[in-house]
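Listed below are the residues making up each chain.
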Amino acid sequence: MKPLLTYTLRQGDRALILAQRLLETITHAPEIEEDMALSNLALDLIGQARALYTYVAEIEGDIDGAVRDENHYAYCREQHEFQNPLLVEQPNGDFAQIIVRQFLHDAYAFPYWRVMQHSTDETLAAIAAKSVKETAYHLRHSRSWLVRLGDGTDESHRRAQAAVDQMWRYTGELFETDEVEQALVSASIAFDPDELRNTWLHTVAGTLTEATLEMPDDVVMQNGGRSGRHSESFSRLIGELQVLARAHPGATW
Amino acid sequence: MSGKADWPLWEVFVRAKRGVSHVHAGTVHAPDAELALQNARDLFTRRSEGVSLWVVKSNDITASDPNDRESLFDPADDKTFRHPTDFELPDEVANM
């Protein structure tokens, strides 16, 4: 696969899988207002995934006389073909886990889209220009909640710290780089993830301090999302995502 | 996840565009002002309804008593001279 194709697909998968996890929370948030907030985040992420998948189809071009569309990438791939980072597929658990996963992701996604506005790839730069505004709000929301949970009651503090400790091992993968990414970095289509990591760490450290939470010690980071090695619960997530499209191929309404 | 959270109620005011007043749009539940603003954004500006939001704790609103309606409002009924009906509004005044 072309590096640009793989790279764009990864970003689309990151957005789609996180959106799917968030959509599982509908009707389960602490209040209907937060239900709306979480599904709004999901809708933004689905919009980003659609734009990215549409671009993937364009890069891929003609296959057996037909051009694929965005739905192909969401509904017609096997689970090992998804290349999202493991962080975004982590199960929802309690509200603290949902917020911590979201915050650790948003603290990455916001500076990511901000810098991608300067990509030499015009389509990715345009997607970034739209996504950066959405993601700025996502970060504001998840950050607000993390501070309140950490610096809240004994129980919310305990749960928030447990969620941070649990999710931490999936954060290293966000900043991994490989030959696919290197090729794009040297063409200024993508950017050095090391710099992104510094920005992320600064946001995370400041927020954890404000939330009276401890940053975990160095742990062995889990990875494998990019090579399609996902966690056990991922197959159920994909099953739910794809069940309709699999049962009724090409269904419309 | 647990049941309903015990969050206070907030009144939401939305300004549709520059130059017009904030108008009461409804209410949200939220644990504090900042999150009330975020919830108001998600509930009342989904379809580009606004450019500015206010939230006020419902408890902080002092409302008139419906039983006082006659004494408060009826005396204005026969004072038509208070209506600026004899003035022509210049076209330059867009919102009034």
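A brief structural summary. Since the model is a prediction, treat every value here as computed from it, not as a measurement.

**A few points about the overall build of chain B**
The helix and strand tally for chain B stands at 2 helices and 3 strands. Secondary structure of chain B in N-to-C order comes out as β-β-α-β-α. In terms of overall dimensions, chain B is more spread out than a globule: its C-alpha atoms have a radius of gyration of 19 Å, far above the 12 Å expected for 96 residues. In terms of its C-alpha atoms, chain B occupies a principal-axis envelope of roughly 60 × 40 × 15 Å. When the 96 residues of chain B are sorted by exposure, 22% land in the buried category. Within chain B, contacts between residues separated by at least 24 positions form 42% of all contacts whose residues are at least 6 apart in sequence.

**Here's the deal with the interface of chain B and chain A**
Each partner contributes to the interface: chain B provides 18 residues, whereas chain A provides 19 residues. Buried area between chain B and chain A, both sides added, is near 1,800 Å², and the carbon and sulfur share of it is 53%. Here B:E34 and A:R148 are joined by a salt bridge, their closest N and O atoms 3.0 Å apart. Where chain B touches chain A, the interface holds 9 residue pairs in polar contact (both at pLDDT 80 or more). Of all the secondary-structure elements, those providing two or more residues to the side of chain B that touches chain A are β2 (22-29) and α1 (33-44) of chain B.

**Notes on unusual backbone geometry**
Residues and elements named next belong to chain A. Although it is not a glycine, T27 sits at a positive phi angle of roughly 75°. Relative to the helices and strands, T27 is located in the loop between α1 (3-23) and α2 (32-60). The class for T27 is exposed, based on a relative accessible area of 63%.

**Focus on the packing of aromatic side chains**
The tally for this structure, following the rule as stated, stands at 9 aromatic pairs over all chains. When the ring of A:Y108 is compared with that of A:F175, the centres are 5.7 Å apart and the planes differ by 80°; the resulting orientation is edge-to-face. You can see A:Y108 sitting in helix α4 (residues 95-116) and its partner A:F175 sitting in the loop between α6 (154-167) and α7 (179-186), a full 67 residues away along the chain. Exposure remark for A:Y108: the relative accessible area of 5% places this residue in the buried category. For A:F175, a relative accessible area of 7% puts it in the buried group. Taken together through their ring pairs, the aromatic side chains of A:Y108, A:Y112, A:W113, A:W168, A:F175 and A:W200 make up a single cluster. Geometry around A:F82 places A:R77 over its ring, the cationic atom sitting 4.1 Å from the centre. Residue placement shows B:R41 over the ring face of A:Y137; its charged tip is 3.6 Å from the ring centre.

**Side note on the environment of A:H118**
Residues and elements named next belong to chain A. Within the secondary structure, H118 is located in the loop between α4 and α5 (122-150). Using a relative accessible area of 58% as the deciding quantity, one classes H118 as exposed. For H118, the contacting residues outside a window of four places in its chain are S188 and F191.

**Comments concerning helix α9 (residues 234-247) of chain A**
Residue and element names in this part refer to chain A. A rise of 1.5 Å per residue sets the reference length of α9, with its 14 residues, at 20 Å; its end C-alpha atoms lie 19 Å apart and thus fit the reference within 8%. Considering bend angle alone, the principal kink of α9 is centred on L241 and spans about 45°. Along α9, the residues that are buried comprise F234, L237, I238, L241 and Q242. Residues of α9 that are buried sit in contact with α1 and α3 (70-75).

The rules behind these values
- Residues numbered from 1 in each chain as written.
- Chains lettered and ligands numbered in written order.
- Predicted model: local features only at pLDDT ≥ 70, side-chain atom pairs only at ≥ 80, totals over all residues.
- Heavy atoms only, no water.
- Helix = DSSP H or I, 4+ residues; strand = E, 2+ residues; numbered from the N terminus.
- Rg over C-alpha atoms; globule rule 2.2 N^0.38 Å.
- Buried < 20%, exposed > 50% of the residue type's maximum accessible area, 1.4 Å probe, protein only.
- Contact = heavy atoms within 4.5 Å.
- Buried area = accessible area lost by both parts, 1.4 Å probe.
- Salt bridge = Lys/Arg side-chain N within 4 Å of Asp/Glu carboxyl O.
- Polar contact = N/O pair within 3.5 Å; in protein donor to acceptor, adjacent residues only side chain to side chain.
- Phe/Tyr/Trp six-rings, centres within 6.5 Å; stacked < 30°, edge-to-face > 60°.
- Lys NZ or Arg CZ within 6 Å of the ring centre and 35° of its normal.
- Expected span 1.5 Å × (residues − 1).
- Bend = angle between axes of the 7 residues up to and from the residue.

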